[in-house]
Every structure is written in C-alpha cells, then in structure tokens.
Amino acid sequence: MRPAKLAPNLIDHFYRGGDRIAALRGIQTSSDRQPEEWLAATVCRAGEEAVGLSRTTSGELLRDLVAQDQEAWIGPAHGAARDQSDVGILFKLLDARQRLPVHVHPDRSFARKHLNCPYGKTESWLVLHTEPGGAVYLGWNVEVEAAELALRREAQDSEWMLKRMNKVEVEPGMGIFVPAGTIHSIGEGVFVAEVQEPTDFSILLEWSITTSTRDESHLGIGFDLAMQAASNQQLPPSAIDQLVQRNRLTARSGEARSLLPAAADPFFTLRLAAPADGSGSRIEAGFAIVLALSGSGSLVGKEDTVPVAAGEVLAIPYAFGNWQLVGDLQLLIGGPGVGWPANLNSGQQ
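For clarity, every value in this text was computed on a predicted model and none was experimentally measured.

A. Local environment of the overall build of the protein chain. A count of helical and extended segments in the protein chain gives eight helices and 21 strands. A globule of 349 residues ought to have a C-alpha radius of gyration of about 20 Å, and the protein chain, at 19 Å, matches this closely. Seen through its principal axes, the protein chain has C-alpha atoms that stretch 60 × 45 × 40 Å. Per-residue burial for the protein chain yields a buried fraction of 56% across its 349 residues. At a minimum sequence separation of 6, the contacts of the protein chain that also span at least 24 residues come to 74%.

Set out below in structure tokens:
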C-alpha cells in the first residue's frame, strides 16, 4: 500500500496567523485567521462534523480510507483503537501571530469520566521559528487558589494569570512536552509543529483576546467541572527542565532522532530524519505522518518508492512496511505513542 499525499488543510480559528504555514507548504491563506493546519487528521474540530478532516490530493477523506482498511493503515493491533478511523495522533502546524489565550486540556482520566473519550489532550510543540523574544507560558510559577483563579478568570484578568505563569523563551529546535492539566499559552511570533492526542478538548481561561466566548470555553460542561481538569500546583524550574529538549534541526544523521522528552513517548512520537549521506536508516513499519521541511528525495518501501519534496505531507500506512529515506530531505515524522493502541486501556494518563 502506497503512502497518501495530503492536500492543504488550513483551519479558520479565533486567533491570528498562518503566513508561515503558507510559506512552508507553498500555499496561500484566504484570511489572517488561518493559524493552524491539521495534517493527516481523522478527527474534527470540537462541535463540527467535517472541519479538520484531511483529504488526499485526489479528494478522498483520510478518515474513510483508514476506516475501510484499518489493519493495513495501523497494523494488527487495530482492534484496540478507539474506532475504525483512529490513528492515535493529531499533527498540526500552528503559527501564532498573536499570543494564544491562557488555556488547559483534560487528561485521559477526566476525558473518560466526563467527555466519553479515551483520549485527553496531552501535547508537545517543536519550535520551527520564532520572532526575537518569542516565548511560551508553561504552568504556574506559584501555587494558585482555585477560588481566586475563578474570580480572575471571570474578570478576564490576563495580567494576573500571566504574571503567575512560567515564561519560557524559545528558539528553533526546542521540543516542549505539555502534560494535560498544565496551564499554558504560546506567545506571539512563535511557529511550531504540534503533536497531540487526537481530540479538540480545550478549556479557555482567557477568551477576551480571541473571537471565542465564555460559553464556548468550558467544553459544554460548565467551569465548575471543567476546572477540575486544571492543575493549580506550582511547576518549578526543575520540572520545566524535564519537559524541554533542545535539538539542532540542521543536524544530519543516519538515524531518525527523537525531538521530544521521553515523557511524551506513551502519547505520541516526533522524529527528525535528515540523512547525512543521502540515505537514512530504515523506519519501522507503522502509521506515520511525514512533513518535508526542506529538500527532495524519496521514501523507499518494501514494494514501492514515493517521491517527496519540501512542503509536502504524507500519511504512511503500516502496510507500506519498513521504509528508508533517500535524498537530501529534512523530514518530520509523527506517530502514535509507544505501545499504542493497547495503552489506551492501560490507565496511562
């Protein structure tokens, strides 16, 4: 089975951005509020029936292709997946031309209990580019009281929230793991590749800087319940160090290199393949989403060879087998977590 080349899939959103996605992918935006592209997505935006779903360049929904031959796409353990189109990962490009609102995502335990879903929304960011002084906000720098936080949220007191959050200056190549329950925001000017669990569960503490509303900010379950998904504990510098991995994206190697801290492994993987001599080591069979950052070359499978050029996105089926990268490509490879899909039922948070 051949990999599927995917058409552009820009998402209209409540914040500004998108020009750096367009430049990387060789496409055009239709507004200044298309700051996300969902790559190889088989899930939708929250509350939508089709927005977010990826199509091949020939117009087929990837969701339908996976559902029609699930074993060929995700392998022999497919029976443990969430549903017939589950691929275990959502891969995005996110171009923040304004600071994102302060928000948080639920973990798997909360999602199972209150949202009827085995996935939460743990995520990771790989910084591709940033304007000078670009930063992200990650967790509280002090313990906060739930009652005080509720008051500040209702007052939309952005200054109070940001003052109590860890501001982390970023640079290209930083891989940042964001556990579910961690309050966070991406700062203006930061462009990232994001891998996450395949849901769209976001609880906004700050909606006034966006086009969203209070009623759209609590997953439809009310803030009293939704805020139970958020940690109020301090995230100290030592803990932040464990959530950040620094990488040199220009480095070339015979091996595909992990770009994220090891804590991400149960949820998703993100690797960089950039052969030093024109050919890289073999990538093991399994569902993957690949994004060519630069260069050109081919993916060589057990029975087929597929050309790839900078800016292209492909979904790789399990049935493509072990494959090798040939050429001067610089390729991001996103995949489901180690042990997936069995670990959906293991209690892993």
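That shown, we press on.
B. View of the layout of surface pockets. Considered as a void within the structure, the largest pocket measures approximately 620 Å³ in volume. Taken together, 33 residues form the lining of the largest pocket, with H13, F14, R45, D200 and S202 sitting closest to its centre. Looking at the lining of the largest pocket, its residues break down into twelve nonpolar, eleven polar and ten charged. As for the second largest pocket, its lining consists of 24 residues, of which R271, E284, A285, G286 and F287 are closest to the centre. For the lining of the second largest pocket, the secondary structure elements donating two or more residues are β15 (268-273) and β21 (330-336). Considering each element in turn, the lining of the second largest pocket owes the most residues, four residues, to β21. Per-class residue counts for the lining of the second largest pocket are 14 nonpolar, six polar and four charged.

C. Local environment of the sheet that holds β21. Here six strands make up an open sheet; going across it, the order is β1-β19-β16-β21-β15-β14 and the pairing antiparallel. The outermost strands of the open sheet, each flanked by one partner alone, are β1 (4-5) and β14 (257-258). As paired strands, strand β16 (residues 288-294) and β21 are joined by five bridges and run antiparallel to one another. Along β21, the bridge assignment pairs V290 with I333.

D. View of the pattern of salt bridges. Counted according to the given criterion, the structure contains 20 salt bridges. The closest approach of N and O atoms between K121 and E194, which form a salt bridge, is 4.0 Å. Of this pair, K121 sits in the loop between α4 (108-114) and β6 (123-130) while E194 is found in strand β11 (residues 190-196), placing the two residues 73 residues apart along the sequence. Residue classification places K121 among the buried positions, given a relative accessible area of 3%. Between R152 and E148 there is a salt bridge, and its shortest N-O distance comes to 2.8 Å.

E. Just the packing of aromatic side chains, in detail. The tally for this structure, following the rule as stated, stands at six aromatic pairs. Taking 5.8 Å as the distance between ring centres and 25° as the angle between the ring planes, the aromatic pair formed by W207 and F223 counts as stacked. Taken as a pair, W207 in the loop between β12 (203-204) and α7 (223-226) and F223 in helix α7 lie far apart in primary sequence, 16 residues in all. Each member of the aromatic cluster is reached from another via a ring pair, and the members are F177, F267 and F268. If you follow R153 out to its NZ or CZ, it ends over the ring of F223, 4.0 Å from the centre.

F. Local environment of empty space enclosed by the protein. All told, the structure shown has one cavity of 30 Å³ or more when counted by the stated rule. What the largest cavity holds in volume is close to 50 Å³. Along its surface, the largest cavity is lined by S253, G254, E255, A256, A273, A274, P275, G280, S281, I283 and L325. Residues of the lining of the largest cavity, tallied by class, amount to six nonpolar, four polar and one charged.

G. Layout of the environment of L249. Mapped onto the elements, L249 comes out in the loop between β13 (244-246) and β14. Those residues in contact with L249 that sit more than four places away from it in its chain are L126, V127, L128, G173, L259, L272 and Q330.

H. Just the pairing of strand β3 (residues 36-39), in detail. Burial along β3 is two-sided: the residues E36 and W38 and E37 and L39 are all buried. As paired elements, β3 and strand β4 (residues 90-96) share four bridges and run antiparallel to each other. Counterpart to L39 in the pairing with β4 is F91.

I. The sheet that holds β3, seen in detail. An order of β2-β3-β4-β11-β6-β9-β13 is seen for the seven strands of this open sheet, with the pairing classed as antiparallel. Edge positions in the sheet fall to β2 (10-11) and β13, since each has one partner strand and no second.

J. Representation of the side chain of N343 within the structure. On the secondary structure map, N343 appears in the segment after β21. Classification of N343 as buried rests on a relative accessible area of 9%. Side-chain polar atoms of N343 contact the backbone oxygen of P266, separated by 2.9 Å.

K. Up close: the nonpolar core. In terms of nonpolar packing, the biggest core is built from 86 residues, with W73, L93, L128, I176, I186 and L332 touching the most fellow members. When residues of this core are assigned to their parent elements, the largest contribution, five residues, is made by β11. One finds A288, V290, I316 and F320 within the second-largest nonpolar core, a separate group that totals 16 residues.

About the thresholds
Residues numbered from 1 in each chain as written. Predicted model: local features only at pLDDT ≥ 70, side-chain atom pairs only at ≥ 80, totals over all residues. Heavy atoms only, no water. Helix = DSSP H or I, 4+ residues; strand = E, 2+ residues; numbered from the N terminus. Rg over C-alpha atoms; globule rule 2.2 N^0.38 Å. Buried < 20%, exposed > 50% of the residue type's maximum accessible area, 1.4 Å probe, protein only. Contact = heavy atoms within 4.5 Å. 1 Å grid on protein atoms, 1.4 Å probe; cavity = no way out; pocket = protein on both sides within 12 Å on 5 of 7 lines; lining within 4 Å. Points joined across faces, edges and corners; volume = space filled by probe spheres on them. Nonpolar A, V, L, I, M, F, W, Y, C, P; charged D, E, K, R; others polar. Pairing = 2+ DSSP bridges. Salt bridge = Lys/Arg side-chain N within 4 Å of Asp/Glu carboxyl O. Phe/Tyr/Trp six-rings, centres within 6.5 Å; stacked < 30°, edge-to-face > 60°. Lys NZ or Arg CZ within 6 Å of the ring centre and 35° of its normal. Polar contact = N/O pair within 3.5 Å; in protein donor to acceptor, adjacent residues only side chain to side chain. Core = buried A, V, L, I, M, F, W, Y, C linked by side-chain atoms within 4.5 Å.

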